[in-house]
Amino acid sequence: FALPITTFLGLLGAWHACHPNDFTEHCLRFTEQAASCGLQMPKLSVLLAACCKQARSVALRSSVMSAALALAPNGVEEAFWREIMNGCNELILAANKRG
């Protein structure tokens with residue numbers, strides 16, 4: 001993949017912010033298509049929540065966490081909520097540092 005992770009996260013965050021229904025529909029369809037091909041993929045919601053650590057800006061972290069929450073199905077596993085809570089704690093600390 002030719003884009004740095006922060007650029008890619010920015011694209012995903014902007015896509016979700018501007019077109020939330022389109023974002024959710026395409027991401028869920030991508031997961032279903034991968035599963036129909038026999039590919040086992042981690043849940044995109046968990047991956048996005050874990051990637052929040054890679055983003056420095058508060059706005060980017062917030063948009064990526066929002067996208068992760070939008071993709072989270074009912075009954076997500078503990079790993080997702082752990083990543084989201086850690087991301088929220090780090091986001092609060094980062095926002096407080098910038099005053």
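Keep in mind that what you see is a predicted model, and the values were worked out from it rather than measured.

Participant: Can you walk me through the packing of aromatic side chains in this structure?
Facilitator: To describe a pair of aromatic rings, one takes the distance between the centres and the angle between the planes. The tally for this structure, following the rule as stated, stands at two aromatic pairs. Arranged with centres 5.2 Å apart and planes meeting at 85 degrees, the rings of W15 and F23 form a pair that is edge-to-face. Accessibility expressed as a relative area gives 26% for W15, which makes it partly exposed. Using a relative accessible area of 0% as the deciding quantity, one classes F23 as buried. Plain terms: the ring middles of F80 and W81 are 4.9 Å apart, the flat faces sit at 75 degrees to each other, and that makes the pair edge-to-face. On the basis of relative accessible area, F80 is assigned to the buried category, the value being 0%. By relative accessible area, which is 42% here, W81 ends up partly exposed.

Participant: What is the right way to read the layout of surface pockets from this model?
Facilitator: Over the atoms a probe the size of a water molecule is rolled, and this reveals where empty space is left. Looking at the largest pocket, its volume works out to about 240 Å³. Considering the residues around the largest pocket, the lining is formed by 13 residues, among which F8, L12, C27, F30 and L44 are closest to the centre. For the lining of the largest pocket, the elements supplying multiple residues, two or more each, are helix 1 (5–18), helix 2 (20–36) and helix 3 (44–51). Counting residues per element, the lining of the largest pocket draws most heavily on helix 1, which supplies five residues. Classifying every residue of the lining of the largest pocket gives twelve nonpolar, one polar and no charged.

Participant: Could you clarify how one ought to interpret the nonpolar core in this entry?
Facilitator: The nonpolar side chains of a soluble globular protein tend to be buried with one another. In this structure, F23, L48, V64, A68, L71, F80 and I84 are the most contacted members of the largest nonpolar core, which totals 20 residues. Looking at this core, the elements that each hand over two or more residues are helix 1, helix 2, helix 3, helix 4 (58–71) and helix 5 (78–98). Considering each element in turn, this core owes the most residues, six residues, to helix 4. Every residue in contact with V64, bar those within four places of it in the chain, is listed here: L9, L48 and C52.

Participant: Looking at this structure, I do not really get the environment of T31. What am I missing?
Facilitator: Along the chain, T31 falls in helix 2. You can call T31 partly exposed: its relative accessible area is 28%. Counting along the chain gives 25 residues from T31 to R56, while the straight-line C-alpha distance between them is 27 Å.

Participant: Teacher, can you tell me more about the packing of helix 1 against helix 4 here?
Facilitator: How two helices sit against one another is set out by the angle between their axes and by the gap between those axes. The geometry of helix 1 relative to helix 4 is characterised by a closest axis approach of 8 Å and an angle of 60 degrees between their N-to-C directions. With respect to each other, helix 1 and helix 4 are oriented oblique. Our pair here, helix 1 against helix 4, has a crossing hand that is left-handed. Contacts between helix 1 and helix 4 involve T6, L9, G10, G13 and H16 from the first element and L60, S63, V64, S66, A67 and A70 from the second. Here the residues of the contact of helix 1 with helix 4 sort into five nonpolar, six polar and no charged.

Definitions and cut-offs
Residues numbered from 1 in each chain as written. Predicted model: local features only at pLDDT ≥ 70, side-chain atom pairs only at ≥ 80, totals over all residues. Heavy atoms only, no water. Phe/Tyr/Trp six-rings, centres within 6.5 Å; stacked < 30°, edge-to-face > 60°. Buried < 20%, exposed > 50% of the residue type's maximum accessible area, 1.4 Å probe, protein only. 1 Å grid on protein atoms, 1.4 Å probe; cavity = no way out; pocket = protein on both sides within 12 Å on 5 of 7 lines; lining within 4 Å. Points joined across faces, edges and corners; volume = space filled by probe spheres on them. Helix = DSSP H or I, 4+ residues; strand = E, 2+ residues; numbered from the N terminus. Nonpolar A, V, L, I, M, F, W, Y, C, P; charged D, E, K, R; others polar. Core = buried A, V, L, I, M, F, W, Y, C linked by side-chain atoms within 4.5 Å. Contact = heavy atoms within 4.5 Å. Axes fitted to C-alpha atoms, helices over the stretch in contact; angles between N-to-C directions. Parallel < 35°, antiparallel > 145°, perpendicular 65-115°, else oblique. Left-handed = near helix turned anticlockwise from the far one by under 90°.

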